[in-house]
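# Structural characterization, general
The primary structure of each chain is shown beneath.
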Amino acid sequence: MAGEENHRQIVLVGFMGSGKTTVGRRLAKLLGIPFIDTDSLVEKKAGMTAAEIFAASGEQRFRELETAALGEAVQAPAAVISAGGGLPAQPENAPLLAGRTVVYLEVPLDVVRRRTKGDTSRPLLARPDLASLYEARCRIYAGVATVTVDAASDDAEAVARTVADRLHLSV
Ligand code: S3P
């Protein structure tokens, strides 16, 4: 289909719990292209979980590894890339996102809280100012996105199909 080549690389952004990984996997499957998760690349390279990296070396070190992971991910000729929630907030990542198809999976904060309840794998969820972080991040995601999709539904398959539809991709 015409224009499809432009969307062979799709970067998903959004807050923790927005479904970037779950929806991303489904979307990649629907499109028959690989799925890449920057968090997984970071953890693989470091040989540690994100929480362990934050605890042992600090957030800044995690951000450096994350930028390297995004740089590696965008080398793939075709892929759905789930970008860690903090990635679009780092100015050094702007050139890596520029000109790409970036889809913002938008979810209300109460959905985030429900989906991430009891999750200890993401250190930032413990922040007392989570609501202000959420507000600030949402503005950033909207600013980098080429398309914003309502991802409040827990039906990941339906959200993935909506993303494909909004990008005019046949699945
Ligand atoms: C983070 C989000 C996490 C992970 C790390 C930091 C953030 O990824 O990269 O815990 O700053 O929002 P997900 O958005 O995939 O949960």
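Residues numbered from 1 in each chain as written. Predicted model: local features only at pLDDT ≥ 70, side-chain atom pairs only at ≥ 80, totals over all residues. Heavy atoms only, no water.

### Quick word on the site of the ligand
The full set close to the ligand counts 13 residues, and K20, D39, R63, R122 and R137 are the nearest of them. Interatomic distance of 2.7 Å between a side-chain N/O atom of K20 and an oxygen atom of the ligand. Within the contact set of the ligand, an oxygen atom lies 2.8 Å away from a backbone nitrogen or oxygen of G85. Here the residues of the shell around the ligand are counted per class, giving 4 nonpolar, 3 polar and 6 charged. (Near = heavy atom within 4 Å. Polar contact = N/O pair within 3.5 Å; in protein donor to acceptor, adjacent residues only side chain to side chain. Nonpolar A, V, L, I, M, F, W, Y, C, P; charged D, E, K, R; others polar.)

### Here we look at the packing of helix 2 (residues 38-46) against helix 4 (residues 59-73)
One can describe the packing of helix 2 onto helix 4 by two numbers: an axis separation of 9 Å at closest approach and a directional angle of 115°. Classified by the interaxial angle, the pair formed by helix 2 and helix 4 is roughly perpendicular. Judged by the sense of rotation from one axis to the other, the crossing of helix 2 with helix 4 is right-handed. Along the contact surface, helix 2 presents T38, D39, L41, V42, K45 and A46, while helix 4 presents F62, L65, E66, A69, L70, E72 and A73. Among the residues making up the contact of helix 2 with helix 4, the classes are represented as 8 nonpolar, 1 polar and 4 charged. (Axes fitted to C-alpha atoms, helices over the stretch in contact; angles between N-to-C directions. Helix = DSSP H or I, 4+ residues; strand = E, 2+ residues; numbered from the N terminus. Parallel < 35°, antiparallel > 145°, perpendicular 65-115°, else oblique. Left-handed = near helix turned anticlockwise from the far one by under 90°. Contact = heavy atoms within 4.5 Å.)

### Focus: unusual backbone geometry
One non-glycine residue, H168, lies in the positive phi region at around 60°. Among the secondary structure elements, H168 is positioned in the segment after helix 8 (156-166). On the accessibility criterion, H168 (56% relative accessible area) is exposed. (Buried < 20%, exposed > 50% of the residue type's maximum accessible area, 1.4 Å probe, protein only.)

So yeah, pure geometry; function would need other evidence.
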